[in-house]
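# Structural description and commentary
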Amino acid sequence: YLPERPVRYRPQRRDVVVYDTKAGQLRIRAGDAPTLHAYRRGFGQLLHGDARWFGTDAIVSLEPLVRLGRAVEKPTAGLADVRVVGLIVRYTTGQRGTIAIDADDIWAFLEARMRTGLEHGELTEVIFHVYRQGVYAPTKVKVRSPNRVEYGRMDDELFRTYLEERGFLATTASRMAG
């Protein structure tokens, strides 16, 4: 006799690329920012003969939040603490809609109150409180897909390193490669 236990099933993530021919826009959902950039270059070359057709700006991916969960908050050099304090999630399963979540501990909120996790929705924005070493007040940073990063009063290179190491932002090297 085996006791019944709930089993958490997390479907495998798949990359999605949609090209709107009328608007000439490419929508991409992939596991990290360097992969997004590779798709953008590849489809630019394939569809228009120019790898830079869809732009060369930094590319943002919010998928590391799904893959890494709370581990995404581990700070990099120069940062004392990083906290996810806000999310905007667009859900398309069941009823469609957008949910804005603001909490001091997003992960506890998701575990306690949400019946569907982040893997069932499309993340469109994340808000971080970033604490620099030696500075006690947080800086607010918004990261919005597909390519927007808004900093409060902070040297953006300090947090850019964090974003690149976690896979939120394509690195300079990945933008120049392939």
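Throughout what follows, the structure given in this document is the object of discussion. (Residues numbered from 1 in each chain as written. Predicted model: local features only at pLDDT ≥ 70, side-chain atom pairs only at ≥ 80, totals over all residues. Heavy atoms only, no water.)

## As for the overall build of the protein chain
Applied cut-off: Strands here are runs of E lasting at least two residues and helices are runs of H or I lasting at least four, both read from the DSSP assignment and numbered beginning at the N terminus. When accessible area is computed with a 1.4 Å probe and restricted to protein chains, residues below 20% of their type maximum are described as buried, those above 50% as exposed, and intermediate ones as partly exposed. Note on contacts: a residue pair is in contact if any heavy atoms of the two residues lie within 4.5 Å. Per-residue and other accessible areas were derived by the Shrake-Rupley procedure at a 1.4 Å probe size, with only the shown protein chains allowed to occlude residues.
In terms of regular secondary structure, the protein chain is built from five helices and seven strands. Starting at the N terminus, the α and β elements of the protein chain follow one another as β-β-α-α-β-β-α-β-β-β-α-α. The burial tally for the protein chain puts 34% of its 178 residues in the buried class. Partitioning the intrachain contacts of the protein chain with sequence separation of at least 6 by distance along the chain shows that 54% fall at a separation of at least 24. Surface summary for the protein chain: the accessible area is close to 11400 Å², and the carbon and sulfur share equals 49%.

## Side note on the pairing of strand S7 (residues 148-151)
Convention followed: Any two strands are treated as partners once DSSP identifies two or more bridges connecting them.
Looking at chain direction, strand S6 (residues 139-144) and S7 are connected through four bridges and run antiparallel. Residue pairing across strands places Arg144 opposite Arg148, the latter belonging to S7. The antiparallel hairpin formed by S6 and S7 contains three residues in its connecting segment.

## Here's the deal with the side chain of Glu125
The condition that has to hold: Counting of polar contacts relies on pairs of N or O atoms within 3.5 Å, with two restrictions inside protein: one atom must be capable of donating a hydrogen and the other of accepting it, and residues adjacent in sequence are counted only when both atoms are side-chain atoms.
Mapped onto the secondary structure, Glu125 falls in strand S5 (residues 121-132). Taking relative accessible area as the criterion, Glu125 reaches 9% and is therefore assigned buried. A distance of 2.9 Å separates a polar atom in the side chain of Glu125 from a polar atom in the side chain of Arg144.

## Considering the environment of Asn147
By the secondary structure assignment, Asn147 is in the loop between S6 and S7. Given the relative accessible area of 39%, Asn147 is considered partly exposed. Through-space distance from the C-alpha of Asn147 to that of Ala170 is 9.9 Å; in sequence the pair is 23 residues apart.

## A few points about the environment of Val66
Inspection of the secondary structure puts Val66 in helix H2 (residues 63-68). It is 8.9 Å that separates the C-alpha atoms of Val66 and Leu123, two residues lying 57 residues apart in sequence.

## Overview of the pattern of salt bridges
Heads up, the condition is: Salt-bridge detection follows one rule: a side-chain nitrogen of Lys or Arg within 4 Å of a carboxyl oxygen of Asp or Glu.
A full pass over the atoms with the stated rule returns seven salt bridges. A salt bridge links Glu150 to Arg148, with the shortest nitrogen-to-oxygen separation between them at 2.8 Å. The class for Arg148 is partly exposed, based on a relative accessible area of 47%. Between Arg166 and Glu165 there is a salt bridge; the shortest N-O distance is 3.9 Å. Because the salt bridges share partners, they merge into one network encompassing Glu73, Asp81 and Arg83.

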